[in-house]
Amino acid sequence: MKLCIIGTGYVGLVSGVCFSDLGNDVVCADNNTDKILNLKKGIIPIYEPGLSELVKKNCKAKRLSFTSNISEAIRESNIIFLCVGTPTKKNSNAADLSQIFIAAKEISRNIKSSKIIINKSTVPVTTCDQIEKIISKKVNKKLFSVVSNPEFLREGDAIRDFVYPDRIIVGTSEKKSNKILRSLYSPLISKGAKYINTSRRGAELIKYASNAFLATKISFINEIANLCEKTDVNIEDVSIGMGLDKRIGGRFLRAGPAYGGSCFPKDTRAIIDTANKFKTDLSIIKSVIKSNQNRSKLLLQRVSKILKNKIKNKKITFLGVTFKANTNDMRESSSLTMIPSLAKKGAIVKYYDPTGYKKEFEYQKNVTNSPNIKEACLDADLIIIHTEWNDFKSLNYNNLSNKKNFIIYDMRNILPYDKIKKGKLKYFSIGR
Ligand code: UGA
């Protein structure tokens, strides 16, 4: 079996590389020629721990290759994965499916022998029906099948999530396709991954419902954290106490800044759009979106309160600006709201992120990048721990700044609370 992956973004690249590592012959195709040229040289376009090593290993073993000739890659493969982007449409909540439909047309022009087309891109329910319709305009239905196989990879943990998935969802009603998919995933199934065969539309909806539910869980605990702050309760106790109930589960119950990234904000909006089309009111998800939008405002109000409403000329340092740790991704990071807002109010903001300088703050007045933690914190009045990088967990926090009475606002609750409480440091955190 030869696999072709269309789209070398986050999902496509990680999936393609991991499938090749399982011993499959994989070609990753993308119309971005620069990206392909770089990948051929071993230059990886995304920050993902462990990925570069796997690319090198599998290219060397000649199981993995890269091409910008998508037509040829389709013709030479039996299994084609669609892994193109589905961003939010301009001025709308809907997912922009143009890349999916362009790829479907490209596939339809290049099917000469039997192929399985597997969609991994996050798409609204019924999209695979549309892909099938586009291809069947040019190709006999007996020659191909379209399967939905959503991904559940987290940035920063993508390789581990691929190799040890909680579940593999395959949406198809065709026995032959199901058998081939099961065999493709058999190395993971034998290690304990659960393989679930559902309807195609079911698989599409499982993806959106999962992301929307996880976003709900985070917003829920963030709101409970607000109540904890008013009632002298520690949110960490609440998260542990709730999470030990197996019906609830402890994961994704960490209170913090607004959730971000390329998925939760986009997918919660897209499922609302789909529900509108089908005249269904998803009121809970609507509230989650609102709650999350409000989150950065709330945390900014707390910053203001911590600084006794005197933000002008205060030196504020952000430790970490990405939407979470182990990624260089800035998409929908809450720092993109908080930093400009503080700078606008006259604060002098410095930031340090283990993944370096961020072009997002390039034209922001009074915002500068620091090369290391020490320089970033040197004369800070307030240090905000925004992202939960390991680099910040064992800081010598008492001497971070040489300013007398400097303050730490730990938005991820990563510093040792009980120990800090006994000292003299002015320390604030989330939900306690
Ligand atoms: C998310 C899902 O977790 C993946 O399963 C899914 O495949 C992916 O979207 C996708 O649709 O492609 P990702 O966006 O990489 O993955 O990141 P997460 O680890 O889910 O974090 C998302 C946001 O939630 C981050 O801002 C993170 O800081 C926040 N979060 C997460 C919390 O605030 N608290 C938590 O307990 C967990």
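Residues numbered from 1 in each chain as written. Predicted model: local features only at pLDDT ≥ 70, side-chain atom pairs only at ≥ 80, totals over all residues. Heavy atoms only, no water.

**Remarks on unusual backbone geometry**
What counts is decided by this rule: Comment: elements are numbered from the N terminus, with helices defined as DSSP H or I runs of at least four residues and strands as E runs of at least two. Three exposure classes are used, based on accessible area relative to the maximum for each residue type with a 1.4 Å probe and protein chains only: buried under 20%, partly exposed in between, and exposed over 50%.
Even without glycine at this site, Thr 126 takes up a positive phi of about 90 degrees. Position of Thr 126 relative to the elements: it lies in the loop between strand 5 (115-119) and helix 6 (127-136). For Thr 126, a relative accessible area of 16% puts it in the buried group. Positive phi, normally seen in glycine, also occurs at Asn 313, with a value near 65 degrees. Mapped onto the fold, Asn 313 is located in the loop between helix 13 (283-306) and strand 9 (315-319).

**Description of the site of the ligand**
Note the cut-off: What makes a residue near a molecule or strand is one non-hydrogen atom of that residue sitting within 4 Å of it. Polar contacts here mean pairs of N or O atoms no more than 3.5 Å apart (in protein, one a potential hydrogen donor and the other a potential acceptor; neighbouring residues in sequence count only if both atoms are side-chain atoms). Ten residue types, Ala, Val, Leu, Ile, Met, Phe, Trp, Tyr, Cys and Pro, are classed as nonpolar, four, Asp, Glu, Lys and Arg, as charged, and the remainder, Gly among them, as polar. Boundaries between domains were set according to an automatic or database domain assignment.
Residues in close proximity to the ligand total 19 residues, the closest being Glu 151, Glu 155, Lys 207, Asn 211 and Lys 324. Between the ligand and Lys 207, the relevant distance is 2.6 Å, taken from an oxygen atom to a side-chain nitrogen or oxygen of the residue. Take Phe 323: an N or O atom from its main chain is 3.1 Å from an oxygen atom of the ligand. Looking at the shell around the ligand, the elements that each hand over two or more residues are helix 10 (200-231) and helix 12 (264-277). In terms of residue count, the dominant contributor to the shell around the ligand is helix 10 (three residues). Of the residues that constitute the shell around the ligand, the class distribution is nine nonpolar, two polar and eight charged. Mapped onto the domain boundaries, the shell around the ligand takes at least three residues apiece from domain 1 (2-164) and domain 2 (236-429).

**Some points on the environment of Ile 272**
Put simply, the rule is: Between two residues, a contact is recorded if the distance between any of their heavy atoms is within 4.5 Å.
Residue placement: Ile 272 occurs in helix 12. Classification of Ile 272 by relative accessible area gives buried; the value is 6%. Sequence separation of Ile 272 and Arg 63 is 209 residues, and the distance between their C-alpha atoms is 41 Å. When near neighbours in sequence (up to four residues on either side) are disregarded, Ile 272 contacts Leu 282, Ile 285, Lys 286 and Ile 289.

**Comments concerning the environment of Tyr 417**
In this fold, Tyr 417 is placed in helix 16 (residues 417-422). Spatially, the C-alpha atom of Tyr 417 lies 41 Å from that of Gly 85, the residues being 332 residues apart in sequence. Excluding anything up to four places from it in sequence, Tyr 417 contacts Asn 234, Tyr 427, Ser 429 and Arg 432.

**Re the sheet that holds strand 12 (residues 382-385)**
As a reminder, the rule being used: For two strands to be treated as a pair, DSSP must find at least two bridges joining them. The axes used here are C-alpha line fits, helices contributing only the stretch in contact, and every angle between their N-to-C directions lies in the interval 0 to 180 degrees.
Taken in spatial order, the six strands make up an open sheet running 11-10-9-12-13-14, and their pairing is parallel. Among the strands making up the open sheet, the edge pair consists of strand 11 (367-369) and strand 14 (426-429). Direction aside, neighbouring strands of the sheet carry axes that sit 20 degrees apart on average. Strand direction decides the pairing type here: strand 13 (residues 407-410) and strand 14, joined by four bridges, are parallel. Note on strand 14: the bridge partner recorded for Asp 410 is Ser 429.

**With respect to helix 8 (residues 175-184)**
Condition: Taken from the helix axis, the directions to the C-beta atoms give the arc we talk about.
Within helix 8, the full set of buried residues consists of Ser 177, Asn 178, Leu 181 and Leu 184. Along the long axis of helix 8, the arc covered by the buried residues comes to 125 degrees, so they all point the same way. In helix 8, the exposed positions angled more than 90 degrees off the buried face are occupied by Lys 175, Lys 176 and Lys 179.

**Quick notes on the domain arrangement of the protein chain**
One frequent convention defines the size of an interface as the accessible area lost when the parts assemble. We apply this condition: When two parts are brought into contact, each loses some accessible area as probed by a 1.4 Å sphere; the total of that loss over both is the buried area. Should a side-chain nitrogen of Lys or Arg be within 4 Å of a carboxyl oxygen of Asp or Glu, the pair is scored as a salt bridge.
Under the domain assignment used here, the protein chain contains domain 1 (2-164) and domain 2 (236-429). Taking only C-alpha atoms, the centre of domain 1 and the centre of domain 2 are 33 Å apart. Taken together, the contact between domain 1 and domain 2 spans 15 residues of the former and 20 residues of the latter. The contact between domain 1 and domain 2 buries some 1400 Å² in all, and 50% of this surface belongs to carbon and sulfur atoms. Of all residues in domain 1, Tyr 47, Asn 93 and Glu 155 bury the most surface against domain 2, accounting for 46% of the area lost on that side. At the boundary of domain 1 and domain 2, one finds one salt bridge.

**So, the packing of aromatic side chains**
Applicable threshold: Ring pairs are drawn from Phe, Tyr and Trp, using the six-membered ring of Trp, whenever the two centres fall within 6.5 Å, and their geometry is named by plane angle: stacked under 30 degrees, edge-to-face over 60, tilted for the rest. We count a charge as sitting over a ring when the NZ of a lysine or the CZ of an arginine lies within 6 Å of the ring centre and within 35 degrees of the ring normal.
For the structure shown, the criterion picks out nine aromatic pairs. A centroid spacing of 6.3 Å and a plane angle of 45 degrees characterise the contact between Tyr 417 and Tyr 427, whose relative ring orientation is tilted. Separated by 10 residues along the polypeptide, Tyr 417 in helix 16 and Tyr 427 in strand 14 bring together distant segments of the chain. Across the pair, Tyr 427 and Tyr 417 agree in class, each one buried. Members of the aromatic cluster, connected to one another through ring pairs, are Phe 19, Phe 81, Phe 162 and Tyr 185. In this arrangement the basic side chain of Arg 432 is found over the ring face of Tyr 417, its NZ or CZ atom lying 3.9 Å from the centre.

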